Amino acid sequence: MKFTFTSNKLTQIKTDAIVIPIFSKGTLSANAQTLDTASGKVITQLIKQGDFHGTAGESLLLPTIAGLRTSRVLLVGCGDIAEFNNQCLEKFCTAAVNTLKNTCKTVCLAIDDFHIKPHTADWILEQSLLHCNRVSYEFTAYKSKKTPLKTVLSEISFYTDAKHAQQTIKTMSITIDAINFTKDVANQPCNIGTPDYLVQIAKELAKKHSDLAVTDMDVKHLKRLKMGGILGVGQGSSNPPHLIELRYRGGKANQAPIVLVGKGVTFDTGGISIKPSSSMEDMKFDMCGAASVLGAVKAAVELKLPINLIGLIPTVENMPDGNSYRPGDILTSYSGQTIEITNTDAEGRVILCDALSYAKKFKPNVIIDMATLTGACVVALGTINSGLFTRHDHLAHDLLSAAAQSDDKAWRMPLEDAYYPDLDSDIADMKNSGSRWGGAITAACFLDRFVDKTQAWAHLDIAGPAYTAGKGAGATGRPVALLVQYLRNQSAKK
Ligand code: BES
Ligand code: MN
Ligand code: ZN
């Protein structure tokens, strides 16, 4: 999809369809008024006759109107103007794209009528781009038959008074590409999307960009490094584990890097502590953390951000097998700390801990890991907010600001010593799973044992937001928007 903008006069815009918001209670926006005047009061009449009320969710497609250079006008109800928010904007964009995608090549969305405090017109443009992209995205790689109605829409133009529209569209187009890339990777079925596949994707990405380098650590390499966590979880699968390292140098040589770590469990059966079969297929999304790291790195490189960035992806398949790790096993992690496995389904933390210890070698400015780590986090926060765990208030502030700016929401959760005893082990340094209660927090506490307390580190539990389950299931590309916003903000500080 091509995204453009226009600030031409509404009546001068040449396009296959113009989309105009209509608010409820008869409040005509500036654009609705222009249209009303140009058309000889068509809108006033529709409202007067009770054919249109402007309630949210309502829409009406009109054929060409005299005085306009478009063949269609789509009216979309937007509710009370005083209560207009980003969810309403999303509904507006969704209605526009879904109604017109099969008939129009180009459409123009009038978004300059919208005001969402305290945000700017550029922010509304940014969010409109994200919403339109979300509705337009399709994953059709494995459909042998094309759908009867073909999508013909190829360009969405925004009628906006945003001050930096050109720049906003440029930045967001790269961000959107990265989000779609993350979705494409995460949506792969697990017979294709194996650890080897993630290695291949990382290598392809590095090949395209000369300032991006990749190192693939295979089983031999991991054994030499004594990465007992990654090797232990990976040993039950015929798809061998890897640790992928991506290095982007956009900053000065001596500038401490930001390290992103992503959980790359390409399929999580639970292992010997096997999961129930219902919805087990959704566990192909257990590598959404890894896919988000790939997307964020891609965006940083393409935006040419003046930062140094490392992406680390421990990737395994968690399978039950004669060679699998067992409940009761003790693994020695890369850090030297020993882990008593009490549940092979708590595998994410066991691979992440090795990657987090490994991150130390880069002397990072900041480490951020992201993982579909616990069902408990979904119970706590649902699918709306990612769980944010960090001991470092300034990092929490920076990430929560980026979350608010991108509307890729995150909510801070506790990370404190009082939760530690839940994972105390009688015979090893720690267990990998504890009681049911506070499961997202104790998982974060497990990871916390592998990072120096002085190191700025944050953990994002994205088990809820990373994908939608059930019918129409698919990766959402979260939290790529949050990460890109965070990295852009860090770049601006340099
Ligand atoms: N990948 C799962 C977490 C998960 C659950 C993600 C539901 C998305 C939706 C993780 O590996 C897991 O199985 N966690 C266990 C931990 C428990 C055994 C301590 C869980 O959440 O039940
Ligand atoms: Mn698991
Ligand atoms: Zn998992």
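Report on the accompanying structure. (Residues numbered from 1 in each chain as written. Chains lettered and ligands numbered in written order. Predicted model: local features only at pLDDT ≥ 70, side-chain atom pairs only at ≥ 80, totals over all residues. Heavy atoms only, no water.)

**Digging into the overall build of the protein chain**
At step 1: Broken down by element type, the protein chain carries 14 helices and 20 strands.
At step 2: Scaling as 2.2 N^0.38, a compact globule of 494 residues should have a C-alpha radius of gyration of about 23 Å, and the protein chain matches this with 25 Å.
At step 3: Referenced to the eigenvectors of the C-alpha coordinate spread, the extents of the protein chain come out at roughly 80 × 50 × 45 Å.
At step 4: Here the protein chain, with 494 residues, has 57% of them falling under the buried criterion.
At step 5: Counting contacts in the protein chain only where the partners sit at least 6 residues apart, residues at least 24 apart contribute 77% of the total.
At step 6: Side chains of the protein chain give 52 positive and 48 negative charges; the mean places of these two sets differ by 7 Å. (Helix = DSSP H or I, 4+ residues; strand = E, 2+ residues; numbered from the N terminus. Rg over C-alpha atoms; globule rule 2.2 N^0.38 Å. Buried < 20%, exposed > 50% of the residue type's maximum accessible area, 1.4 Å probe, protein only. Contact = heavy atoms within 4.5 Å. Lys, Arg positive; Asp, Glu negative; His and termini not counted. Charge placed at Lys NZ, Arg CZ, Asp CG, Glu CD.)

**A few points about the coordination of the manganese ion (ligand 2)**
At step 1: Distances from the manganese ion (ligand 2) to its protein donors, Asp 268 (OD), Asp 345 (O), Asp 345 (OD) and Glu 347 (OE), fall at 2.1 to 2.2 Å.
At step 2: Considering all six donor atoms around the manganese ion (ligand 2), the spread of angles at the metal, 71 to 168°, places the coordination shape in the irregular class.
At step 3: Separating the manganese ion (ligand 2) from the zinc ion (ligand 3) is a distance of 3.1 Å, and Asp 268 supplies a donor atom to each of them.
At step 4: Accessibility expressed as a relative area gives 0% for Glu 347, which makes it buried. (Donors = N, O, S within 2.8 Å, 3.2 Å for Na, K, Ca; no water. Tetrahedral: all angles 85-135°; square planar, octahedral: opposite > 155°, others 65-115°.)

**Quick notes on the site of ligand 1**
At step 1: For ligand 1, the set of nearby residues contains 16 residues, the closest of which are Asp 268, Lys 275, Asp 345, Glu 347 and Gly 375.
At step 2: Within the contact set of ligand 1, an oxygen atom lies 2.9 Å away from a side-chain nitrogen or oxygen of Asp 268.
At step 3: The side chain of Asp 345 places a nitrogen or oxygen atom 2.8 Å from an oxygen atom of ligand 1.
At step 4: Class assignment for the residues of the shell around ligand 1 results in four nonpolar, five polar and seven charged. (Near = heavy atom within 4 Å. Polar contact = N/O pair within 3.5 Å; in protein donor to acceptor, adjacent residues only side chain to side chain. Nonpolar A, V, L, I, M, F, W, Y, C, P; charged D, E, K, R; others polar.)

**Description of helix α9 (residues 288-302)**
Each turn of an α-helix holds 3.6 residues, which means side chains three or four residues apart point in the same direction.
At step 1: When the terminal C-alpha atoms of α9 are compared, their 21 Å separation across 15 residues agrees well with the 21 Å that a helix rising 1.5 Å per residue should span.
At step 2: The buried fraction of α9 is high, at 14 of 15 residues.
At step 3: Of the residues flanking the end of α9, it is Lys 304, one or two places downstream, whose phi is positive at about 50°. (Expected span 1.5 Å × (residues − 1).)

**Observations regarding the coordination of the zinc ion (ligand 3)**
At step 1: At 2.0 to 2.4 Å from the zinc ion (ligand 3) lie its protein donor atoms, namely Lys 263 (NZ), Asp 268 (OD), Asp 286 (OD) and Glu 347 (OE).
At step 2: Every donor residue of the zinc ion (ligand 3) comes from the same chain, spaced as K-x4-D-x17-D-x60-E.

**Looking at the pattern of salt bridges**
At step 1: Applying the stated criterion across every chain, the model contains 18 salt bridges.
At step 2: Residue Lys 360 pairs with Asp 452 through a salt bridge whose shortest N-O separation is 3.2 Å. Here the residue Lys 360 occupies a position in the loop between α10 (348-359) and β14 (366-371), and Asp 452 occupies one in the loop between α13 (439-448) and β18 (457-461), the gap between them amounting to 92 residues.
At step 3: Among the residues examined, Lys 360 registers a relative accessible area of 53% and is labelled exposed.
At step 4: Accessibility expressed as a relative area gives 41% for Asp 452, which makes it partly exposed.
At step 5: For the salt bridge of Asp 448 with Lys 453, the shortest nitrogen-to-oxygen distance reads 3.5 Å.
At step 6: Relative accessible area serves as the criterion here: at 43%, Lys 453 is assigned to the partly exposed category.
At step 7: Each of the salt bridges in this network shares a partner with another, and the network as a whole consists of Arg 391, Asp 417, Asp 448 and Lys 453. (Salt bridge = Lys/Arg side-chain N within 4 Å of Asp/Glu carboxyl O.)

**What about the sheet that holds strand β12 (residues 330-332)?**
At step 1: Strand order in this open sheet of three strands is β12-β13-β17, and the pairing throughout is mixed. Every interior strand has two partners, whereas the edge strands, β12 and β17 (430-431), have only one.
At step 2: Of the strand pairs in this sheet, β12 and strand β13 (residues 338-340) are connected by three bridges, and their pairing is antiparallel. Residue pairing across strands places Thr 332 opposite Thr 338, the latter belonging to β13. (Pairing = 2+ DSSP bridges.)

**A short note on the sheet that holds strand β6 (residues 155-159)**
At step 1: The strand order across the open sheet formed by six strands is β1-β6-β5-β2-β4-β3, and the pairing between neighbours is mixed. Because the sheet does not close on itself, it has two edges, and the strands there are β1 (2-6) and β3 (59-63). Across the sheet, the mean angle separating the axes of adjacent strands is 25° when strand polarity is ignored.
At step 2: Alignment of strand β2 (residues 17-22) against strand β5 (residues 106-110), held across three bridges, turns out to be parallel. Along β5, the bridge assignment pairs Val 19 with Leu 109.
At step 3: Of the strands in this sheet, β2, β3, β4 (72-77), β5 and β6 are in contact with helix α3 (residues 86-100), which crosses β4 at around 145°. (Axes fitted to C-alpha atoms, helices over the stretch in contact; angles between N-to-C directions.)

**Observations concerning helix α4 (residues 121-136)**
At step 1: Counted at 1.5 Å a residue, the expected span for α4 with its 16 residues is 22 Å, and the 22 Å between its end C-alpha atoms agrees.
At step 2: Of all 16 residues making up α4, 14 are buried, and the element is well covered by its neighbours.

**Some remarks on unusual backbone geometry**
At step 1: Look at the link from Lys 117 to Pro 118: it is a cis peptide, with omega at 0°.
At step 2: Following the sequence through the fold, Pro 118 ends up in the loop between β5 and α4.
At step 3: A cis geometry characterises the amide bond from Arg 478 onward to Pro 479, with omega recorded as 5°.
At step 4: Structurally, Pro 479 is set in the loop between β20 (474-475) and α14 (480-493).
At step 5: Even without a glycine there, the phi angle at Lys 25 is positive, about 60°.

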